[in-house]
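One letter stands for each residue in the lines below.
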Amino acid sequence: MTQEKVIIETGWNLDNSYARLPKSFFTSLKPIPVRSPKLIILNYPLAASLGLNVQALQSNEGVAVLAGNLIPQDAFPLAQAYAGHQFGHFTILGDGRAILLGEQITPLGERCDIQLKGSGKTPYSRGGDGRASLGPMLREYIISQAMHALRIPTTRSLAVVTTGEDVFRETTLPGAILTRVAASHLRVGTFEYVSQWGTVEDLRSLADYTLQRHFSEVRDDENSYLFLLQKVIERQAVLIAKWQLVGFIHGVMNTDNMALSGETIDYGPCAFMDAYDPATVFSSIDIKGRYAYGNQPHIAAWNLARFAETLLPLLHVNQEQAVKLAQDEILNFMELYHSNWLVGMRNKLGIFSEELEDESFIDELLSMMQEYGADYTNTFRALTFNKPEDTVLFGTPEFTQWHALWQARLSRQEESNESSQQLMRNTNPALIPRNHRVEEALDGAVKQGDYSVMEQLLDVLSSPFAHSPEQADYSILPAQSTCPYRTFCGT
């Protein structure tokens, strides 16, 4: 099958604004065709919201587009260049195995990147084969779907296709391509790349593009580049707070994995925390715990400082004044993050009002959870339904005292107990994508070709605040193991 552009009634409505930026920002490149693509899973609601014809996407031509064998009309395939601090060390990176087909303009007029992940070598592959295996692509599909249902800003997964070709890692694995949908793939690392190798005018064009793409509400009388820094900081403060509130651990918070849109991006070694412990790390390569659960807000601030550094030439003509402007905004991040987190924690405990002692009260609960190894999600679930006996904290003197103080705290607010419980039901999920359940689904799909376990998991994860009876089994903890759970980058 040739890779010529085709027009099929799929609903593609692509623009290519990124391709109109300076040519040094990307490499024009087509995906490398694969032998025999097969559609494994398609996100029907997402496809419909994008204005795509679900039936046409499942046709041979539709699947060929999702595999990179056919290029939609008006697409301009390219691989984006970027750099990044990986575990604190700066390096040039880029889309080593991903191709941006273009930007889909939805029926609501929204603009979304359509990217094929695992679509072959690019100039940024750094010796890699540019391909992806089925397990990690399905993992990203599952986790991104769960994050969306948990109301956490995230890139989305439209589809996964197998390629009919093997990829070679530690073992031979089935190849696959994920179609990723994002508000954009602009990263802190994109600005680092242009700052390092471009001109000030290149940097200005990228900043102007980012403003137009994500923060068009900037006023003419404002310092637009300071506004850009402020808005990126605000969105990251919201995002990281949401991560912490559900126990999500990203695992690889390098600067190239911080999207300026405020979406979660890159689901390689991520996982969700079971027992509450700020030191929790899952990634096999995070030996020193740089990206541990409790460190995530501080790493976000560090990454944002790198972003601010790239903007210095645009913030003010005076270098010293530019640095001061940037520092003042970065110092605001932790306060913004903390404010979002505290509001979220009050919601998790059914608290509507504010009292000065709330934070110490919350910290006492978390300290108890850490001391007794209490499950993070299930503890709040037990409190939501007033079943303290369902947590390992029950019966301890500390918890008995805390529980009495909590009840007294709730009684001091105007809202009823029913309102508090409803707030908690809407805030505390009944379940998260438990690591052992995700692995179970991936094993069935990859090793046995059985996708039923994954489909059932996706179904229960789609309504995490339903608190339905069929979700109960998915809140059960895994059997204890002497080996800690480990995740891998999943290339």
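Shown above is the structure to which this text applies.
Residues take numbers from 1 onward in each chain, read along the sequence in its written order. Local features in a predicted model are, by the rule used here, given only for residues with pLDDT of at least 70; side-chain atom pairs are given and counted only at 80 or more, and totals for whole chains, interfaces and linings are based on all residues. The side-chain values count all of the structure's non-hydrogen atoms but skip hydrogen atoms and water molecules.

Trainee: I'm lost on the pattern of salt bridges in this one. Help?
Mentor: Two side chains with opposite charge may pair up if their charged atoms get near one another. One speaks of a salt bridge when a side-chain nitrogen belonging to Lys or Arg is within 4 Å of a carboxyl oxygen belonging to Asp or Glu. Using the criterion set out here, one finds 23 salt bridges in the structure. Two residues, Arg187 and Asp95, come together in a salt bridge whose shortest N-O distance is 3.6 Å. One end of the pair, Arg187, is in the loop between strand E13 (172-182) and helix H5 (188-197); the other, Asp95, is in the loop between strand E8 (89-92) and strand E9 (98-105), and 92 residues separate them in sequence. The residues Arg187 and Asp95 share a single accessibility class, namely buried. Across the salt bridge formed by Arg434 and Asp375, the nearest N and O atoms sit 2.7 Å from each other. Of this pair, Arg434 sits in the loop between helix H13 (417-427) and helix H14 (435-448) while Asp375 sits in the loop between helix H10 (358-372) and helix H11 (376-384), and the two are 59 residues apart along the sequence. A residue is classified by how much of its surface remains accessible, and Asp375, at 7% relative accessible area, is buried. A single network of salt bridges, built from pairs that share partners, joins Arg346, Glu355, Asp358, Arg409 and Arg412. Numbering of helices and strands starts at the N terminus; helices are DSSP runs of H or I of at least 4 residues and strands are runs of E of at least 2. Throughout, exposure labels follow a simple rule: accessible area from a 1.4 Å probe, protein chains only, divided by the maximum for the residue type, with under 20% read as buried, over 50% as exposed, and the rest as partly exposed.

Trainee: Looking at this model, I keep getting lost on a nonpolar patch on the surface. Mind explaining?
Mentor: Taken together, Phe90, Ile92 and Trp197 make up a surface patch of nonpolar side chains, about 290 Å² in accessible area. By the element assignment, Phe90 lies in strand E8. With a relative accessible area of 35%, Phe90 lands in the partly exposed category. Nonpolar side chains (Val, Leu, Ile, Met, Phe, Trp, Tyr) within 5 Å and like charges within 9 Å form the patches, drawn only from residues with over 30% relative accessible area and no salt bridge. Surface exposure here means Shrake-Rupley accessible area, sampled with a 1.4 Å probe, where a residue is shielded only by the protein chains that are shown.

Trainee: Explanation requested: the pairing of E8 in the structure shown.
Mentor: A regular strand places its side chains so that they alternate between the two faces of the sheet. For two strands to pair, DSSP has to find at least two bridges joining them. Bridge count for strand E7 (residues 83-86) against E8 is four bridges, and the pairing is antiparallel. The residue of E8 that forms the bridge with Ala83 is Ile92. In this structure, the hairpin formed by E7 and E8 is closed by a connection of two residues, where Phe87 is found at a positive phi of approximately 50 degrees.

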